[in-house]
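Letter by letter, the chains look like this.
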Amino acid sequence: MTGFRQARWNEPSIFKVGRTKSHGVCSPFSSEDQKMGVDALTRLIPKNLLRRDEPNLPALSEVDVVRHFTRLSQANFGVDNGAYPLGSCTMKYSPKVNDAIANSDKVHWIHPHQDESTVQGALEIMYKLSQWFSEITGMNGFTLQPSAGAHGEYTGALIMRAYHRERGDLERRREIIVPDSAHGTNLASASMVGFHVVVVPSNEKGCVDMDALESAVSERTAGLMLTNPNTLGIFEENILEISRIIHDVGGLLYYDGANLNAIMGKARPGDMGFDIVHLNLHKTFSTPHGGGGPGAGPVGVVEALEGFLPVPTVGRDGEHFYLNYDHPQTIGRVGGFYGNFEVLVKAFTYVLSMGGDGLSRVAELSVLNANYLARKISEIKGFSLPYGSGILRKHECVISCSKLKMDTSVTAKDVAKRLLDFGVHAPTMYFPLIVEEALMLEPTETESLEELDRYASIFAQISREAYEDPTIVLNAPHNTSVGALDEVKASHPRTFCLSWRMRKKQQERKP
Ligand SMILES: *Cc1c(COP(=O)(O)O)cnc(C)c1O
């Protein structure tokens, strides 16, 4: 008994629900008035910019729209439904008060072209947020422009490139070193900026192999990108030595701070020797995440790199806040205007409401929860906790199902799918690549002890099922709105259909 069954609606796309005659707008004007209004507006638009065809929009009544989207939401799963311990993603519960404030009219109705004197409050939010992030990470200045973690990495790599170019050293500094446990975006960002990526292996403790690092560095090294705690949830015990090795050859240290949960208020990348840091506000700082955006990936730098930051940042002159273009070696802009302002507001209200003590408490609880779950699950038959046995994890842990697979043929993927039947979300699977049959769990600080116990007990039940009668696990999920997908088909570009335009193109292509 799983006690969970997801709603199953055979819901067509909104274009199929829509009829042509109905509409959902109640307006005090007659339809004649409306038509006149539209005609008047149309005359204002230059002829060459007018559409030739009527837009192909569905026409629905209000109740049709509400029911359509409510049904879709019931066939979905989110952090508001249940536990979502997706490792390396920090899918924690974001307090609604932060959303409420970011949704206020005062935030919504300001315009980026407004005069500075009329948006002092907004500038103050950005100024203070940059200061707080500097304090939390041990950096000197921040740009709030980047829209995501990968975008922050890209910005950081551009700063590295500009730094080496300014020193006339870019010709030979072509390499960025990345450990084999790194998030895929690190490698992608570095190579998008034109660097070659050199991968160094991890040792048996799950940390950077120091001998391999020593032999990888040279005068070609532009920098190192490191996640710490790394994706195994392990804190790099040699971080100060790593920092010395990179700096000794003239490289820069980049900190992937997508998941800052474990160290907020406890340890600072700046004190570890890092020169550049990005944060994912849509992971750690109260923007719900997983729906594809909007997010924010602010980037912080040490004093020596402040001149390279994208413009503008926000400066302060007494009680006056202003857009600061005084970054002499700036890499330019990396986004429109000043970043995703509503996401910044959520981070601002989150930090303000938590306070310094609250943020340290987040770190303590997220570490406690990850270790509790790591211990409980690794003691269940078929599961283990590879790398660094006896070493405490930070915000996440990576469980291996390789014994379960050997004994019963049930894989990490099967376990992940079966978990869905119990009304919880599966962990990240098959990442990092250095763990076989990996399930990467990040419970976060917002799950209660009861929920963690329940999550572990589901693992115990799946283990029993796998050893007694694996078919139920192998054919999972049974209780979700959609059953097991054809994995190959689901990720094939021909079947991928992410927009109405793509769908129309696909249909045209069919004979
Ligand atoms: C999520 C994540 C990223 C990328 O962040 P996006 O906002 O998805 O681009 C980078 N590194 C790590 C460790 C992450 O967990």
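Since the model is a prediction, treat every value here as computed from it, not as a measurement. (Residues numbered from 1 in each chain as written. Predicted model: local features only at pLDDT ≥ 70, side-chain atom pairs only at ≥ 80, totals over all residues. Heavy atoms only, no water.)

A word on the overall build of the protein. Looking only at helices and strands, the protein features 18 helices and 12 strands. The globule rule puts the C-alpha radius of gyration for 511 residues at 24 Å, and the 26 Å found for the protein is close to it. Across the 511 residues in the protein, those meeting the buried criterion constitute 49%. Residue pairs in contact within the protein that sit at least 24 positions apart in sequence constitute 70% of those at least 6 positions apart. Taking the average place of the 52 positive charges on the side chains of the protein and the average place of its 60 negative ones, the gap between the two points comes to 9 Å. (Helix = DSSP H or I, 4+ residues; strand = E, 2+ residues; numbered from the N terminus. Rg over C-alpha atoms; globule rule 2.2 N^0.38 Å. Buried < 20%, exposed > 50% of the residue type's maximum accessible area, 1.4 Å probe, protein only. Contact = heavy atoms within 4.5 Å. Lys, Arg positive; Asp, Glu negative; His and termini not counted. Charge placed at Lys NZ, Arg CZ, Asp CG, Glu CD.)

Our focus in this paragraph is the pairing of strand β9 (residues 320-324). Here five bridges tie strand β8 (residues 313-317) to β9, and the two strands are oriented antiparallel to one another. Opposite Arg316, over in β9, you have Phe321 as the bridge partner. Connecting β8 to the antiparallel partner β9 that follows it, the hairpin turn spans two residues, and Gly318 within it adopts a positive phi of roughly 65°. (Pairing = 2+ DSSP bridges.)

In the vicinity of the ligand there are 13 residues, among which Ser88, Gly149, Asp256, His282 and Lys283 approach most closely. At 2.5 Å, a backbone N or O of Ser88 approaches an oxygen atom of the ligand. Between the ligand and the protein, one listed contact pairs an oxygen atom with a side-chain N or O atom of Lys283 at 2.8 Å. Protein chains bury 87% of the 380 Å² of accessible surface belonging to the ligand in isolation. Counting residues per element, the shell around the ligand draws most heavily on helix α7 (residues 149-166), which supplies three residues. Residue classes in the shell around the ligand are distributed as three nonpolar, seven polar and three charged. (Near = heavy atom within 4 Å. Polar contact = N/O pair within 3.5 Å; in protein donor to acceptor, adjacent residues only side chain to side chain. Areas by Shrake-Rupley, 256 points an atom, 1.4 Å probe, with all protein chains shown as cover. Nonpolar A, V, L, I, M, F, W, Y, C, P; charged D, E, K, R; others polar.)

For the pair helix α12 (residues 341-378) and helix α15 (residues 449-468), the least separation of the axes is 10 Å and the interaxial angle reads 25°. If you check the angle between α12 and α15, you find them roughly parallel. Seen along the crossing, α12 lies across α15 with a hand that is right-handed. Across the interface between the two elements, Asn369, Tyr372, Leu373, Lys376 and Ile377 of α12 pack against Leu449, Leu452, Asp453, Tyr455, Ala456 and Phe459 of α15. Broken down by class, the residue content of the contact of α12 with α15 amounts to eight nonpolar, one polar and two charged. (Axes fitted to C-alpha atoms, helices over the stretch in contact; angles between N-to-C directions. Parallel < 35°, antiparallel > 145°, perpendicular 65-115°, else oblique. Left-handed = near helix turned anticlockwise from the far one by under 90°.)

Assigned domains of the protein: these are domain 1 (14-74) and domain 2 (99-353). Here the C-alpha centre of domain 2 lies 42 Å away from the C-alpha centre of domain 1. (Domains from an automatic or database assignment.)

Further remarks concern the packing of helix α14 (residues 412-420) against α15. Where α14 contacts α15, the two axes come as close as 10 Å, and the packing angle between them is 120°. With respect to each other, α14 and α15 are oriented oblique. In the crossing of α14 with α15, the sense of the turn from one axis to the other is right-handed. On α15, the residues that touch Val415, Arg418 and Leu419 of α14 are Tyr455, Ile458, Phe459, Ile462 and Glu465.

Another aspect to go through is the sheet that holds strand β3 (residues 196-200). If you trace the seven strands from one edge of the open sheet to the other, you get β1-β7-β6-β5-β4-β2-β3, paired in mixed fashion. In the strand order of this sheet, the two ends are held by β1 (141-143) and β3, each with one partner. The sheet shows a mean angle of 25° between the axes of neighbouring strands, taken without regard to direction. Bridge count for strand β2 (residues 175-179) against strand β4 (residues 221-226) is three bridges, and the pairing is parallel.

Residue pairs three or four apart in sequence face the same way in an α-helix, which turns once every 3.6 residues. Residues of helix α8 (residues 184-192) that are buried: Asn186, Ser189 and Ala190. The arc enclosing the buried residues of α8, seen along the axis, measures out at 95°, which places them on a common side. On the buried face of α8, the contacting elements are α7, β2, β3, β4 and β5 (252-257). Of the residues one or two after α8, Gly194 is the one with positive phi, at around 105°. (Arc of directions from axis to C-beta.)

Pairing in this open sheet of three strands is antiparallel, and the strands run β10-β12-β11 from one edge to the other. In this open sheet, the two edge strands, each paired with only one partner strand, are β10 (397-400) and β11 (428-429). Judged from the four bridges that link them, β10 and strand β12 (residues 438-441) form a sheet pairing that is antiparallel. Looking across to β12, one finds that Ser400 is bridged to Ala438. In the packing of α12 onto the sheet, the strands contacted are β10 and β12, and the crossing angle to β10 comes to about 10°.

Omega for the peptide link from Val311 to Pro312 comes to -10°, which places this bond in the cis form. Residue Pro432 follows Phe431 across a cis peptide bond; omega there is -5°. Mapped onto the fold, Pro432 is located in the loop between β11 and β12. Despite not being glycine, Ser286 has its phi angle at roughly 70°, a positive value. Here Ser286 shows up in the loop between β6 (276-279) and β7 (299-301). The exposure class assigned to Ser286 is buried, which follows from its relative accessible area of 2%.

Right, let's get into the nonpolar core. Ranked by internal contacts, the top residues of the largest apolar core, which has 80 residues, are Phe133, Leu213, Ile242, Leu281, Phe285 and Leu305. Ranked by the residues each element gives to this core, the list is headed by α12, at 11 residues. Within the second largest apolar cluster, 28 residues are counted, among which are Leu373, Leu439, Ala456 and Ile458. (Core = buried A, V, L, I, M, F, W, Y, C linked by side-chain atoms within 4.5 Å.)

With that settled, consider the environment of Ile176. Looking at where Ile176 falls in the secondary structure, it is placed in strand β2. Take Ile176: its relative accessible area is 0%, and that puts it in the buried class. When the C-alpha positions of Ile176 and Val199 are compared, they lie 8.6 Å apart, and in sequence the two are 23 residues distant. Apart from the residues lying within four places of it in its own chain, the contact partners of Ile176 are Met160, Ala190, Phe195, His196, Val197, Val198, Ala222, Gly223 and Met225.

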